[in-house]
Amino acid sequence: MSVRVKLGAYRYVMDMILRLKIPKPRTRWSATADTDSGIEHSLSDLTERLHPGVIRTRIVGMKQSLSDVRTFTLSPEAGYILPCFQAGQYASVKFMIDDHAVTRPYIISSAPTDAAKDNVIELTIQKREGGYVSEYIWENWKKGVVVRIDAPFGQGFYNGIRDADHIVGIASGIGSAYFRSIIREM
């Protein structure tokens, strides 16, 4: 315990010494700085926009691409905002099916710029025969149904720092929905 007290006191003293060494112009600028930055949104608003947690959306559109593939268009409910995402990410969808809490990842097939412009997000989902969740979706998801999503997740997007200048993407089946989002964004 005495080690912690000594370490804490040492840090406090060092902070005070460093504070005295702050250049005078910087101290003067800090003292005369305008506290009203004019920024419309606070940091907490930005954090909420980037990481809203689970949000409630409503199905506003539905397209049947193939016999076993549908794209659902979701719009946020009042009081919720769509999360920022990158082309190639997915959303986790939260369900209650027969008193069981279930979560499934689904591809965000809309482009981020389209989502920001139209305030909607699209999820492309493939039905699996005998699939517990996909059969539930096919039977129950219609226009007006509320869907809870938590997004974005995944590293399937292009990153100029991490990735090469030229990339090759290979996908088949429902995996091509990732590329749909990326191509629409490009």
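Residues numbered from 1 in each chain as written. Predicted model: local features only at pLDDT ≥ 70, side-chain atom pairs only at ≥ 80, totals over all residues. Heavy atoms only, no water.

Asks: What is the right way to look at the overall build of the protein in this model?
Replies: Helix and strand counts for the protein come out as 6 helices and 6 strands. Listing each helix as α and each strand as β along the protein from the N terminus yields α-α-α-β-β-β-β-α-β-α-β-α. Counting all 186 residues of the protein, 31% fall into the buried class. Accessible surface for the protein amounts to roughly 12,800 Å². Of this, 57% is attributable to carbon and sulfur atoms. (Helix = DSSP H or I, 4+ residues; strand = E, 2+ residues; numbered from the N terminus. Buried < 20%, exposed > 50% of the residue type's maximum accessible area, 1.4 Å probe, protein only. Areas by Shrake-Rupley, 256 points an atom, 1.4 Å probe, with all protein chains shown as cover.)

Asks: How should I be thinking about the layout of surface pockets in this particular structure?
Replies: Any empty space left between the atoms is revealed when a probe the size of a water molecule rolls over them. The calculated volume of the second largest pocket comes to roughly 200 Å³. The wall of the second largest pocket is formed by 13 residues, among which Pro105, Tyr106, Ile125, Gln126 and Arg128 lie closest to the centre. Mapped by element, the contributors of at least two residues to the lining of the second largest pocket are β4 (100–108), β5 (121–126) and α5 (132–140). It is β4 that provides the largest number of residues to the lining of the second largest pocket, a total of 4 residues. A breakdown of the residues in the lining of the second largest pocket according to their chemical character gives 7 nonpolar, 4 polar and 2 charged. (1 Å grid on protein atoms, 1.4 Å probe; cavity = no way out; pocket = protein on both sides within 12 Å on 5 of 7 lines; lining within 4 Å. Points joined across faces, edges and corners; volume = space filled by probe spheres on them. Nonpolar A, V, L, I, M, F, W, Y, C, P; charged D, E, K, R; others polar.)

Asks: When you look at the side chain of Glu122 in this model, what are you seeing that I'm missing?
Replies: You can see Glu122 is positioned in strand β5. What makes Glu122 buried here is its relative accessible area of 9%.

Asks: Looking at this structure, I do not really get the packing of aromatic side chains. What am I missing?
Replies: The relation between two aromatic rings is expressed through the spacing of the ring centres and the mutual angle of the planes. Within this structure, the stated rule accounts for 4 aromatic pairs. Aromatic side chains Phe95 and Trp141 sit 5.9 Å apart centroid to centroid with 25° between the ring planes, which places their arrangement in the stacked category. Note that Phe95 is positioned in strand β3 (residues 90–97) and Trp141 in the loop between α5 and β6 (146–153), a separation of 46 residues in sequence. Given a relative accessible area of 6%, Phe95 falls into the buried group. In this structure an aromatic cluster arises from ring pairing among Phe72, Phe95, Tyr136, Trp138 and Trp141. (Phe/Tyr/Trp six-rings, centres within 6.5 Å; stacked < 30°, edge-to-face > 60°.)

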